[in-house]
Amino acid sequence: MDKTALITGITGQDGSYLADFLLEKGYQVHGLVRRNSLPNTQRIHHILNSKYNNVKFFLHYADIADSGCLVRLIGQINPDEVYNLAAQSHVGISFDMPEYTAQVTGVSTVRLLEAVRASGKDSRFYQASTSELFGGLKDTAPQNESTPFYPKSPYGAAKLYSYWITVNYRESYDMYACNGILFNHESPRRGENFVTRKITLAVANILAGRQEKLSLGNLDAKRDWGFAGDYVEGMWLMLQQPLPGDYVLATNETHTVQEFAQAAFQVAGITLCWEGSGINTKGYDKQNGRLLVDIDPALYRPAEVELLWGDPAKAEHKLGWRRNVSFSNLVEMMVESDIKMVNSVK
Ligand code: NAP
Ligand code: G4F
């Protein structure tokens, strides 16, 4: 019989790729969608218009902060696998909404775990943990499953609770529950206010004459950026093992925000040359001297994670997981997709 999966956060970047992946594998996929005043299903539009809709693909209105609907949904669907991807996932915004982030990104995980436990079914549980857990460690890199945690934001602190409550339910109730400690992963479906997508969209808009320049915050932060499509396979692999565990997924490479911007403009044929440092940094088009990148100090965070660089050796050895898309291919994929998208809008 086909397996059944429930995905919270199905309308997000990862949820949409995971739904594609599981449907391809023959799963029946259920997604939890929250009510919005405008449709929030753009990333799964292609599935809603496919042969899968209402046959193998079902959406349910619910909210991860509402225990009643979680208990009801798990009871109705009886999933073999539950992927908990829903979150207020923006680190910068978590400083503006710390209590809300604690509720949605932290406490909601125990709501869902309790709903699974109350159902009495042996659903396998995936928790979307994050490299932000390592946040404040400057000298420990690359980071792996044994690296100590030191979150640097309300988002990181909320995810720390989710990480440990997942481990706690595994140990206390013998649940098959896993944490995927995922380093940054991006794609053409990435939200527009994360730095990679903000950059690739700006390149496309500048090229089309629709934007004058790009303003960024901290250019020196380093991130380990992979492709989201590769990472959803790792989530699934974690739930197919004889025993549950916690795994880092990463590329084992790190790049600064400035390097990402340089590479993205280069895909569009623009070489940036840089002047100044810190908040006075400016990026000019080498060919004509036009100012294309500057710094908006308001985009700096109250506390910054300077270095993320992950070691995925455990996932590679135990799960057989590999990333397929390189840094340069990722940048190229995102810029090209945004150029196509911007050009298609009249
Ligand atoms: P995303 O694009 O921001 O998607 C978040 C999803 O959560 C969206 O579907 C969103 O719904 C949903 N959501 C938010 N609040 C909700 C609520 N109260 N009730 C129900 N659904 C709610 O994030 P992502 O990049 O796909 O990341 C997926 C998960 O992995 C998140 O938990 C994130 O924190 C974690 N993570 C991401 C990365 C990364 O680099 N992408 C790395 C490590 C961990 P709407 O569409 O309605 O907003
Ligand atoms: O793209 P970001 O907002 O991603 P961040 O903070 O690393 O968080 C993402 O990855 C985490 C995994 O490590 C996830 F858990 C989390 O859910 C999310 O998906 O920022 C990346 C870096 C930061 O250092 C930020 O300060 O870019 C810097 N940055 C510089 N200018 C900017 C900007 N970030 C944003 N969002 N916007 C800017 O203009």
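Structure: see above.
Below is a summary of the structure that appears in this document. (Residues numbered from 1 in each chain as written. Chains lettered and ligands numbered in written order. Predicted model: local features only at pLDDT ≥ 70, side-chain atom pairs only at ≥ 80, totals over all residues. Heavy atoms only, no water.)

Here we look at the site of ligand 2
Thr-130, Ser-131, Tyr-155, Arg-301 and Glu-304 are the nearest of the 24 residues found near ligand 2. For ligand 2, an oxygen atom lies 2.7 Å from a polar atom in the backbone of Ser-89. The separation between an oxygen atom of ligand 2 and a polar side-chain atom of Arg-301 is 2.6 Å. Relative to its free-state accessible area of 710 Å², ligand 2 is covered by the protein chains to the extent of 95%. Of the residues assigned to the shell around ligand 2, the class counts are ten nonpolar, eight polar and six charged. (Near = heavy atom within 4 Å. Polar contact = N/O pair within 3.5 Å; in protein donor to acceptor, adjacent residues only side chain to side chain. Areas by Shrake-Rupley, 256 points an atom, 1.4 Å probe, with all protein chains shown as cover. Nonpolar A, V, L, I, M, F, W, Y, C, P; charged D, E, K, R; others polar.)

Describing the sheet that holds strand β5 (residues 124-130)
Here seven strands make up an open sheet; going across it, the order is β3-β2-β1-β4-β5-β6-β11 and the pairing parallel. Each edge of the open sheet carries a strand with a single partner, namely β3 (57-61) and β11 (246-249). Within the sheet, the average angular offset between the axes of one strand and its neighbour, ignoring direction, is 20°. Judged from the six bridges that link them, β5 and strand β6 (residues 177-182) form a sheet pairing that is parallel. Bridged to Tyr-126 within β6 is Cys-178. Lying over the sheet, helix α6 (residues 154-173) contacts β5, β6 and β11, oriented at roughly 150° with respect to β6. (Pairing = 2+ DSSP bridges. Helix = DSSP H or I, 4+ residues; strand = E, 2+ residues; numbered from the N terminus. Axes fitted to C-alpha atoms, helices over the stretch in contact; angles between N-to-C directions. Contact = heavy atoms within 4.5 Å.)

Notes on the site of ligand 1
As a matter of local geometry, ligand 1 sits amid 26 residues, with Thr-11, Asn-40, Ser-89, Tyr-155 and Lys-159 nearest to it. With respect to ligand 1, the side chain of Thr-11 contributes an N or O atom lying 2.6 Å from an oxygen atom. For ligand 1, an oxygen atom lies 2.8 Å from a polar atom in the side chain of Asn-40. Here ligand 1 loses 90% of its free accessible area of 900 Å² to cover by the protein chains. Residue assignment for the shell around ligand 1 shows that the elements contributing at least two residues are α1 (13-24), β5 and α6. Of all the elements, β5 adds the most residues to the shell around ligand 1, at three residues.

Details of the sheet that holds strand β15 (residues 291-295)
Spatially, the four strands line up as an open sheet ordered β8-β15-β14-β13, and their pairing is mixed. Each of the sheet's edge strands pairs with one partner strand only, and the pair in question is β8 (214-216) and β13 (272-275). Ignoring which end each strand starts from, the neighbouring axes of this sheet average 20° apart. Lying over the sheet, helix α7 (residues 195-207) contacts β8 and β15, oriented at roughly 165° with respect to β8. Where helix α9 (residues 257-267) meets the sheet, its contacts fall on β8, β13 and β15, and the angle it forms with β13 comes to roughly 150°.

A closer look at the environment of Ala-268
Here Ala-268 is to be found in the loop between α9 and β13. Spatially, the C-alpha atom of Ala-268 lies 7.7 Å from that of Leu-207, the residues being 61 residues apart in sequence.

Thoughts on α9
Every buried residue of α9 is listed here: Val-257, Phe-260, Ala-261, Ala-264 and Phe-265. For α9, the arc enclosing every buried residue in end-on projection is 125°, short of the 170-degree limit, so these residues lie on one face. Its buried side turned inward, α9 meets α7, β8, β12 (255-256), β13, β15 and α11 (327-344). Two residues or fewer past α9, Gly-269 is found with a positive phi of approximately 85°. (Buried < 20%, exposed > 50% of the residue type's maximum accessible area, 1.4 Å probe, protein only. Arc of directions from axis to C-beta.)

What to know about the side chain of Glu-132
One can find Glu-132 in the loop between β5 and α6. What Glu-132 contacts, discounting residues up to four positions off in sequence, is Val-91, Pro-151, Lys-152, Ser-153, Tyr-155, Arg-223, Val-305 and Leu-308.

Focus on the packing of aromatic side chains
Per the stated rule, a full pass over the model turns up 13 aromatic pairs. Residues Tyr-83 and Tyr-126 carry aromatic rings whose centres are separated by 6.0 Å and whose planes lie at 40° to one another, so their mutual orientation is tilted. Linking Tyr-83 in strand β4 (residues 81-84) with Tyr-126 in strand β5, this pair joins segments that are 43 residues apart in sequence. On the numbers, 5.3 Å between centres and 75° between planes, the contact of Tyr-231 with Trp-321 is edge-to-face. Of this pair, Tyr-231 sits in helix α8 (residues 228-238) while Trp-321 sits in the loop between α10 (313-319) and α11, and the two are 90 residues apart along the sequence. The burial state of Tyr-231 is the same as that of Trp-321; both residues are buried. Through a chain of ring-to-ring contacts, three or more aromatic side chains come together here, namely Phe-134, Phe-149, Tyr-163, Trp-164 and Phe-183. Of note, Arg-189 hangs over the ring of Tyr-17, and the distance from its end group to the ring centre comes to 4.0 Å. Note that Arg-190 overlies the ring of Phe-194, its terminal NZ or CZ placed 3.9 Å from the centroid. (Phe/Tyr/Trp six-rings, centres within 6.5 Å; stacked < 30°, edge-to-face > 60°. Lys NZ or Arg CZ within 6 Å of the ring centre and 35° of its normal.)

Topic: the pattern of salt bridges
Under the counting rule described, the total for this entry stands at twelve salt bridges. Between Lys-3 and Glu-81 there is a salt bridge, with its nearest N and O atoms 3.4 Å apart. Of this pair, Lys-3 sits in the segment before β1 (4-8) while Glu-81 sits in strand β4, and the two are 78 residues apart along the sequence. For Lys-3, a relative accessible area of 33% translates into the label partly exposed. Put simply, Arg-170 and Asp-246 hold a salt bridge, and the shortest N to O gap is 2.9 Å. Taken as a pair, Arg-170 in helix α6 and Asp-246 in strand β11 lie far apart in primary sequence, 76 residues in all. Using a relative accessible area of 16% as the deciding quantity, one classes Arg-170 as buried. Taking relative accessible area as the criterion, Asp-246 reaches 10% and is therefore assigned buried. Shared partners join several salt bridges into a network, and the residues in it are Glu-132, Arg-223 and Glu-304. (Salt bridge = Lys/Arg side-chain N within 4 Å of Asp/Glu carboxyl O.)

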